[in-house]
Every structure is written in C-alpha cells, then in structure tokens.
Amino acid sequence: PSLLGKIVIVGEFDTYNGVARKGIARLNADGTLDTSFNPPAANAPVTTASIDANGEVYIGGEFTLLGAPMLSYLARLNTDGSLDGLFLPRLNDYVHRVLARTDGLVLVGGGFTVVNGFEHNRVARLNNLGGTDVTINFGSGANDAVNDIAQSPDSTRIVLGGDFTQFNETPAGHIAVISDGANSGTG
C-alpha cells in the first residue's frame, strides 16, 4: 500500500538494501528506504498491510512477537513506525488480510476463530482501539481461512475471498458478499 508517495512493503525479509528491517519497511517513491519509519522486528512473516487516512499502518501476519509479547497477528504502527499502544486487539491465530476503512474501522480476515475473547470465525471488523465492532454481525463466519477482503466504494458491501466453502453456514464457493453483516449472496 502507498500514501503520499510512500510505499509500505511486508513479507519475510530481514534487511532492505543492507539495513535491518524484519518483515516491514517503508520506501520512498524512488525505492530507497524511508529511514524515518523504523518499525519493530516481527518474529514471523508479516503478510498484509493497510494504511489509513492518517498515515498509520495496520499490519497482520503470522507474527507472535512484534516489539511486545501481547501483540500477536495484528498491530498498528504510528507514522514513524513505532507501535501504537492504543490499538490492542487480541486474536488467536494468523491474519492474512487487513483493510483500513475511511471511517476508522478495520476489517480483518485470516485463520483466527477468536477476537477479543469472543468467537469470530476468520473475519471481524474492529474499531480504532482494536475492540470488536458490534454493529456488524458476520454470523457463524467462514469455515476456513479468509485470505482477501475488498469493500465496495459506497461501503455497503464487503467481499471476502479465501479457502472457505461456507459462510454463515451457507454454501460459498470461496467468495462471500456481505451487506450490513448479513450474508447477501455467495458465489
């Protein structure tokens, strides 16, 4: 993802052009490392990133340690790369996709089944502090991993893709379209 000419890259790397960056780096438009962005090291792959309107970076992946033992699988970084200690979601397994929305909410998909102590099968929407957004109900969720999430331009539909064959106990051939938290169609 990019914002204001800066590009965030994530993956399974230890350095970028010889500078230590474990799993997360931000680049300038010309591809050089943005040294003003100094994120903590991830102990496992970072698989997804999304930048919000304020330039904060949401990252997800397989990591169980990111500067602090309590931050597993999902975190938010400030514009300088430091951990945002106000965003404290608790997930029990990996995140494959994070999508920061313009309204401050964050959609996450992956292999998790519990978010903040409650059952959320592989998809959840969080508020700006990492708490679960209770205004949406994904029902029983997906029966296998959610690997990608997209949002319609008018924010009325959420499209999920992944390994799942059912969403909210309805057949879904690896794709589900959600409207207002209800299963509005599958394909």
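Because the structure is a prediction, the values reported are computed rather than measured.

The rules we used
- In this convention, every chain numbers its residues from 1, walking through the sequence in written order.
- Given that the model is predicted, a residue must reach a pLDDT of at least 70 before its local features are reported, and side-chain atom pairs must reach 80 or more before they are shown or counted; all residues, however, enter totals for whole chains, interfaces and linings.
- Calculation of side-chain values draws on the structure's entire complement of heavy atoms; hydrogens and water are dropped beforehand.
- Secondary structure is summarised from DSSP: a helix means a run of H or I of at least four residues, a strand means a run of E of at least two, and numbering begins at the N terminus for each.
- Note on method: radius of gyration uses C-alpha positions; expected globular size equals 2.2 Å times residues raised to 0.38.
- Buried means the residue's accessible area, taken with a 1.4 Å probe over protein chains only, is under 20% of the maximum for its type, while exposed means over 50%, and partly exposed covers the values in between.
- Throughout, the Shrake-Rupley method with a 1.4 Å probe supplies accessible areas, and for residues the shown protein chains are the sole cover considered.
- When charges are counted, Lys and Arg are positive and Asp and Glu negative, with His and the chain ends excluded.
- Where a charge sits is defined by one atom per residue type, namely NZ (Lys), CZ (Arg), CG (Asp) or CD (Glu).
- When DSSP finds two or more bridges between two strands, those strands count as paired.
- Axis geometry follows a simple rule: fit a line to the C-alpha atoms, using only the stretch in contact for helices, then measure angles between N-to-C directions, giving values from 0 to 180 degrees.
- Contacts are assigned to residue pairs that have any heavy atoms within 4.5 Å of one another.
- Under the pairing criterion, centres of Phe, Tyr and Trp rings, with the six-membered ring standing for Trp, must be within 6.5 Å; the plane angle then separates stacked pairs below 30 degrees from edge-to-face pairs above 60, leaving the rest tilted.

Draft legend 1. Representation of the overall build of the protein in the model. Across its full length, the protein carries zero helices and 19 strands. A globule of 187 residues ought to have a C-alpha radius of gyration of about 16 Å, and the protein, at 16 Å, matches this closely. Looking at the 187 residues of the protein, the share that counts as buried comes to 48%. For the protein, the exposed surface amounts to about 8,600 Å²; the carbon and sulfur share of it is 52%. Between the centroid of the 11 positive side chains of the protein and the centroid of its 19 negative side chains there is a distance of 3 Å.

Draft legend 2. Representation of the sheet that holds strand E8 (residues 74–77) in the model. Sheet architecture is open: three strands sit in the order E6-E7-E8, paired in antiparallel fashion. At either end of the open sheet lies a strand with only one pairing partner, and these are strand E6 (46–51) and E8. This sheet shows a mean twist of 20 degrees between the axes of neighbouring strands, independent of strand direction. As paired strands, E6 and strand E7 (residues 57–61) are joined by five bridges and run antiparallel to one another. For Thr48, the partnering residue across the bridge sits in E7 and is Gly60.

Draft legend 3. Seen up close, unusual backbone geometry. Despite not being glycine, Tyr73 shows a phi value in the positive range, around 75 degrees. Tracing the backbone through its elements, the reader meets Tyr73 in the loop between E7 and E8. In this structure Tyr73 comes out as buried when scored by relative accessible area, which is 14%. Of note in this structure, Asn168 is not a glycine but carries a positive phi near 50 degrees. By secondary structure assignment, the location of Asn168 is in the loop between strand E16 (166–167) and strand E17 (170–171).

Draft legend 4. Molecular detail of the environment of Leu77. Mapped onto the elements, Leu77 comes out in strand E8. Overall, the relative accessible area of 0% leaves Leu77 in the buried class. Between the C-alpha atom of Leu77 and that of Leu66, which follows or precedes it by eleven residues, the distance is 11 Å. Once residues lying within four places of it in the same chain are set aside, the contact partners of Leu77 are Ile24, Phe37, Pro39, Pro40, Glu56, Val57, Ile59, Ser82, Leu83 and Asp84.

Draft legend 5. A look at the packing of aromatic side chains. The tally for this structure, following the rule as stated, stands at two aromatic pairs. With centroids separated by 5.1 Å and ring planes inclined at 80 degrees, the aromatic side chains of Tyr58 and Phe87 adopt a geometry described as edge-to-face. Residue Tyr58 is located in strand E7, and its partner Phe87 is located in the loop between E8 and strand E9 (95–100); the two are separated by 29 residues in the primary sequence. For the pair Tyr58 and Phe87, one class covers both residues: buried.

Draft legend 6. Looking closely at the sheet that holds E9. On the basis of which strands lie adjacent, the open sheet formed by three strands has the order E9-E10-E13 and antiparallel pairing. Of all strands in the sheet, those bounded by a partner on one side alone are E9 and strand E13 (123–126). Averaged over all neighbouring strand pairs, the angle between strand axes comes to 20 degrees, with direction disregarded. Here five bridges tie E9 to strand E10 (residues 106–110), and the two strands are oriented antiparallel to one another. In the strand pairing of E10, Arg97 is matched with Gly109.

Draft legend 7. Expanded view of the environment of Leu105. Within the element layout of this structure, Leu105 appears in the loop between E9 and E10. Sequence separation between Leu105 and Gly131 is 26 residues, and the spatial gap between their C-alpha atoms is 9.9 Å. Here Leu105 is in contact with Leu99, Ala100, Arg125, Leu126, Asn127 and Asp133, once residues within four sequence places are set aside.

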